[in-house]
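# Examining the three-dimensional arrangement
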Amino acid sequence: KWLGPVSNRATPVYSVGATTRAGDYLRRRGMSNAAAILARDVVKRARGLLPAYIFGLRAAIAVKDKALGLDSVRGALRSSTRPLPRIYERLVNLKVDENTREIESDAEMVNALRALRMADPGNRLWPQMLGAARFQRGGWEFTDSLSQMTDAIKNGATNRMPYLLAAEAARALGNPVKA
């Protein structure tokens, strides 16, 4: 007997694990909207169950729901003892503005970029993004911004952003020769 949607009941009929498996089945069968409805419920009730957050992230990507994606990624990061760099990368992708490619500079973004930088030190993108986020924050973080941009330049960055931000950070720190 069908008892109605899980989210409309005071006490859920199905466990988080069962709902996660059902939602993932729906998502794999191409029913992305139905899977996203289950994902919203599962992410709220997951309480540390990593597969539920991963399912929520996959469903969010399928329906392009940024809020659900951010909730899922944050839950996955909280519930993982050693989060995979791929989860941090998803967080960065969700927090970068799609239209302007503007980088947010909140603590969550800086921590994610630092983790990505440590996981993949040869990648030129992570020091550039971390340096830009630190530069936007200003103050004492100009020093780290200069360091990150210098590393990006040493690793072979070819765009203008690292050069411009490194020069401006050096100038703000009172070093016109380095600027």
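Residues numbered from 1 in each chain as written. Predicted model: local features only at pLDDT ≥ 70, side-chain atom pairs only at ≥ 80, totals over all residues. Heavy atoms only, no water.

## Things to note about the pattern of salt bridges
Working definition: two side chains of opposite charge can pair if their charged atoms are close together. Counted under the stated rule, the structure contains 13 salt bridges. Salt-bridge contacts for Arg27 lead to Asp24; the nearest nitrogen and oxygen are separated by 2.9 Å. With Arg27 and Asp24 both in helix H1 (residues 16-28) and three residues apart, the pair spans about one turn of that helix. Relative accessible area serves as the criterion here: at 22%, Arg27 is assigned to the partly exposed category. Residue class for Asp24 comes out buried when judged on its relative accessible area of 19%. A salt bridge links Arg117 to Asp151, with the nearest nitrogen and oxygen atoms 2.6 Å apart. Taken together, the residues span a long stretch of sequence, with Arg117 in helix H6 (residues 107-119) and Asp151 in helix H8 (residues 141-154) at a distance of 34 residues. On the accessibility criterion, Asp151 (26% relative accessible area) is partly exposed. (Salt bridge = Lys/Arg side-chain N within 4 Å of Asp/Glu carboxyl O. Helix = DSSP H or I, 4+ residues; strand = E, 2+ residues; numbered from the N terminus. Buried < 20%, exposed > 50% of the residue type's maximum accessible area, 1.4 Å probe, protein only.)

## Regarding the packing of aromatic side chains
Scanning the model with the defined rule gives one aromatic pair in all. Look at Phe135 and Phe142: their rings are 5.0 Å apart centre to centre, the planes differ by 55°, and that puts the pair in the tilted class. Phe142 gets classed as buried once you look at its relative accessible area, which sits at 18%. (Phe/Tyr/Trp six-rings, centres within 6.5 Å; stacked < 30°, edge-to-face > 60°.)

## So, unusual backbone geometry
Negative phi characterises most residues that are not glycine, and trans characterises most peptide bonds. Not every positive phi belongs to a glycine, and Arg47 is a case in point at roughly 45°. The backbone of Lys64 shows a phi angle near 60°, a positive value even though the residue is not glycine. Mapped onto the fold, Lys64 is located in the loop between helix H3 (50-63) and helix H4 (66-79).

## Looking at the nonpolar core
Counting 45 residues, the largest nonpolar core has Phe55, Val73, Val92, Leu113 and Met129 as its most contacted members. Beyond its immediate stretch of four places on either side in the chain, Val92 contacts Met109, Ala112, Leu113, Leu116, Trp126 and Met129. (Core = buried A, V, L, I, M, F, W, Y, C linked by side-chain atoms within 4.5 Å. Contact = heavy atoms within 4.5 Å.)

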